[in-house]
Amino acid sequence: MSVITRFAPSPTGFLHIGGARTALFNWLFARHNGGRFLLRIEDTDRVRSTEAAIDAIIDGMKWLGLDWDGEVVFQFVRAPRHAEVVDQMLAEGKAYRCYCSVEELEEMRKAAMAAGKPLRYDGRWRDRDPKEAPEGVKPVIRIKAPQTGETVVRDEVQGEVRVANDQLDDMVLLRSDGTPTYMLSVVVDDHDMDITHVIRGDDHLTNTFRQVQIYNAMGWKHPSFSHIPMIHGPDGAKLSKRHGALGVEAYREMGYLPEAIRNYLLRLGWSHGDDEIISTQQAIAWFDLGAVGRSAARFDFAKLDSLNAHYLREADDAALAAETAKRLGVGGAEALDRLRRAMPGLKARAKTLKELAENAAFYVTPRPIALADKAKALLTPEAKTLLAKLATELAKTGDWSAVGLEALVRGFVEAEQVKLGQVAQPLRAALAGSTTSPGIFEVMEILGQSECLGRIGDCT
RNA sequence: GUCCCCAUCGUCUAGUGGCCUAGGACAUAGCCCUCUCACGGCUAGAACAGGGGUUCAAAUCCCCUUGGGGACGCCA
């Protein structure tokens, strides 16, 4: 039997980082096994589901390079099928109508809490005669769950997990308005879509017992379950927006590369010996459920940064130049060409595309460029004198290559009896407007002779 | 409150009873390289939550405690 996995987000918000990892693991597992990876949008909550969220999820998946097979499945349109399953359960005596009001349910929970008992529905309509139903109340349909024994889940990641059935209650399958609940639709859809492996966050682990009861009631074989640990914020608490529970588009905005995100997310909870840099090809070849860890991981931007820096250095210069130009809001073939030639020196110094753009700005800023305070401080009267002197020599040279310029400047400092830094730093200040930049001779070569002389002239 | 899950350096993790005076990566500190900043190289500090067992032998197996997380909804 071939493997079929799915990613089933509810469109009530963006595709956050935890969801992205769940999607990645499902995708990897399917690709590793030559199986199929499906995308199902769980939009049964009509109030909270939005079109914008659906778009955000789909864009996020595409950006991350997680391609799914076949058409996107929308859960809401399958509601009639879900109701049909409930009809069958009703007919077979595996489900029943419950006429409890929400107030009644609330009291039940309070009483249970006070008595130190599990918070569960007491089954008061389970065996009650439907003739006693109050007038005008639309019932919900509840499953007639087993009351003794235990339900066991053999999880690929968590191992064997069991719970006594008296801890579980008769959950609602169909709401009083006739729409299906999550528990029901997820089971019916996973069954109908022939999902073989359910890989999801471990916040669903205890839900799994209830879902298994539905599979059992229907006489269906349930898929293999893998509950992967959640991602926490740097402080160990649940991931909040403040930490990184941002939509993937926010990471894109911050200048992270999809390959870096994939690599980072993969290593959060999964490992392959001491390997850290793992290409997507390798990830597909190596991924296995058995190596997924069982404890929650904290999200760490520093590590993501370092991975991103790595992939930035490997990225194509022309593509990086185009992205940088876009972020800088500059166009034109000349600017683009300058950025492309400057890219090797630039990308080694940045961790994100955002930082890359900031560092690259001086290359394409029109004269006169603004000088940072520290750069101004470098341009002392003595330094300016030296620069002016150097400028006359620079104006005469016919070799404007980094190598030629370095030879020229080194000759100049020797003649002037000064250290290279005494010239290079003011030069950097004048040309880049900053105290830090790529190698100064490289900067000069890329900027070109007239631009350099102009910039030196602007501040001497 | 009830149930479930988890627990190795600050962080991500390797480790599946002897190879562990516990390895790697990120971060941190120092040194080297050097026109600055990065990159790169080298070095350093840094962990088996605590307590009981089992065993010739435990980071690894069992139990308890503690700490963290999750679920308990006519949300998903």
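Quick note: structure is the one above.
Residues numbered from 1 in each chain as written. Chains lettered and ligands numbered in written order. Predicted model: local features only at pLDDT ≥ 70, side-chain atom pairs only at ≥ 80, totals over all residues. Heavy atoms only, no water.

Caption draft 1: Representation of the side chain of serine 437 within the structure. Relative to the helices and strands, serine 437 is located in the loop between α17 (420–432) and α18 (440–447). Side-chain polar atoms of serine 437 contact the side chain of arginine 428, separated by 2.8 Å. (Helix = DSSP H or I, 4+ residues; strand = E, 2+ residues; numbered from the N terminus. Polar contact = N/O pair within 3.5 Å; in protein donor to acceptor, adjacent residues only side chain to side chain.)

Caption draft 2: Broad picture of the protein's contact with RNA strand B. Close to RNA strand B lie 64 residues; Arg175, Gly269, Arg349, Arg428 and Ser437 are nearest. Close to the protein, within 4 Å, the atoms of RNA strand B belong to sugar or phosphate groups at a rate of 68%. Contact between RNA strand B and glycine 116: a sugar or linking oxygen at 3.4 Å from a main-chain N or O atom of the residue. In this structure, glutamate 276 approaches RNA strand B through a side-chain N or O atom, which is 2.7 Å from a base nitrogen. Across the surface near RNA strand B, the residue classes tally to 20 nonpolar, 22 polar and 22 charged. (Near = heavy atom within 4 Å. Nonpolar A, V, L, I, M, F, W, Y, C, P; charged D, E, K, R; others polar.)

Caption draft 3: Representation of the environment of threonine 206. Within the element layout of this structure, threonine 206 appears in helix α6 (residues 205–218). For the pair threonine 206 and valine 161, spaced 45 residues apart in sequence, the C-alpha to C-alpha distance is 9.2 Å.

Caption draft 4: Just the nonpolar core, in detail. Ranked by internal contacts, the top residues of the largest apolar core, which has 97 residues, are Met61 and Tyr363. Here this core takes nine residues from helix α1 (residues 17–32), the largest share from any one element. Ignoring any residue separated from it by four or fewer positions in sequence, one finds methionine 61 in contact with Phe7, Leu15, Ala23, Phe37, Leu39, Leu66 and Trp68. Formed by 33 residues, the second largest nonpolar core is a distinct cluster that contains Val86, Ala145, Val153 and Val187. (Core = buried A, V, L, I, M, F, W, Y, C linked by side-chain atoms within 4.5 Å. Buried < 20%, exposed > 50% of the residue type's maximum accessible area, 1.4 Å probe, protein only. Contact = heavy atoms within 4.5 Å.)

Caption draft 5: Region of interest: unusual backbone geometry. The omega torsion across arginine 367 and proline 368 is -5°, close enough to zero to call that bond cis. Its place among the elements puts proline 368 in the loop between α13 (353–364) and α14 (373–378). At aspartate 194, a residue that is not glycine, the phi angle is positive and equals roughly 60°. Not every positive phi belongs to a glycine, and glutamine 417 is a case in point at roughly 60°. The residue glutamine 417 is located in the loop between α16 (402–416) and α17 in this model. We classify glutamine 417 as exposed; its relative accessible area is 72%.

Caption draft 6: Quick peek at helix α12 (residues 333–347). Here α12 contains 15 residues, and its C-alpha end-to-end distance of 20 Å stays within 8% of the 21 Å for a straight helix at 1.5 Å per residue. The set of residues buried in α12 consists of Ala335, Arg338, Leu339, Ala342, Met343, Gly345, Leu346 and Lys347. Of the surrounding secondary structure, the elements contacted by the buried residues of α12 are α10 (301–314), α11 (317–328), α13, α18 and α19 (449–458). (Expected span 1.5 Å × (residues − 1).)

Caption draft 7: Spatial organisation of the packing of aromatic side chains. This structure, assessed with the given rule, holds ten aromatic pairs. For the ring pair tyrosine 251 and phenylalanine 301, a centre distance of 6.1 Å and an interplane angle of 20° mean the geometry is stacked. Of the two residues, tyrosine 251 sits in helix α7 (residues 248–254) while phenylalanine 301 sits in helix α10, which places them 50 residues apart along the sequence. Taking relative accessible area as the criterion, phenylalanine 301 reaches 26% and is therefore assigned partly exposed. Every member of this aromatic cluster is reached through a ring pair, and the members are Tyr251, Tyr256, Tyr264, Phe299 and Phe301. It is arginine 142 that lies over the ring of tyrosine 121; its NZ or CZ is 3.6 Å from the centre. (Phe/Tyr/Trp six-rings, centres within 6.5 Å; stacked < 30°, edge-to-face > 60°. Lys NZ or Arg CZ within 6 Å of the ring centre and 35° of its normal.)

Caption draft 8: Region of interest: the pairing of strand β6 (residues 150–155). Alternating positions in β6 separate cleanly, Thr151, Val153 and Asp155 being buried on one face and Glu150, Val152 and Arg154 remaining unburied on the opposite face. The hairpin formed by β6 and strand β7 (residues 159–164) contains three residues between the paired strands. (Pairing = 2+ DSSP bridges.)

Caption draft 9: Representation of a negative patch on the surface. On the surface, a cluster of negative charge is contributed by Glu51, Asp55, Asp59, Glu249 and Glu253. Counting residues per element, the negative patch draws most heavily on helix α2 (residues 51–64), which supplies three residues. Tracing the backbone through its elements, the reader meets aspartate 55 in helix α2. (Patch = residues over 30% accessible without salt bridge, like charges linked within 9 Å, V, L, I, M, F, W, Y side chains within 5 Å. Areas by Shrake-Rupley, 256 points an atom, 1.4 Å probe, with all protein chains shown as cover. Salt bridge = Lys/Arg side-chain N within 4 Å of Asp/Glu carboxyl O. Lys, Arg positive; Asp, Glu negative; His and termini not counted. Charge placed at Lys NZ, Arg CZ, Asp CG, Glu CD.)

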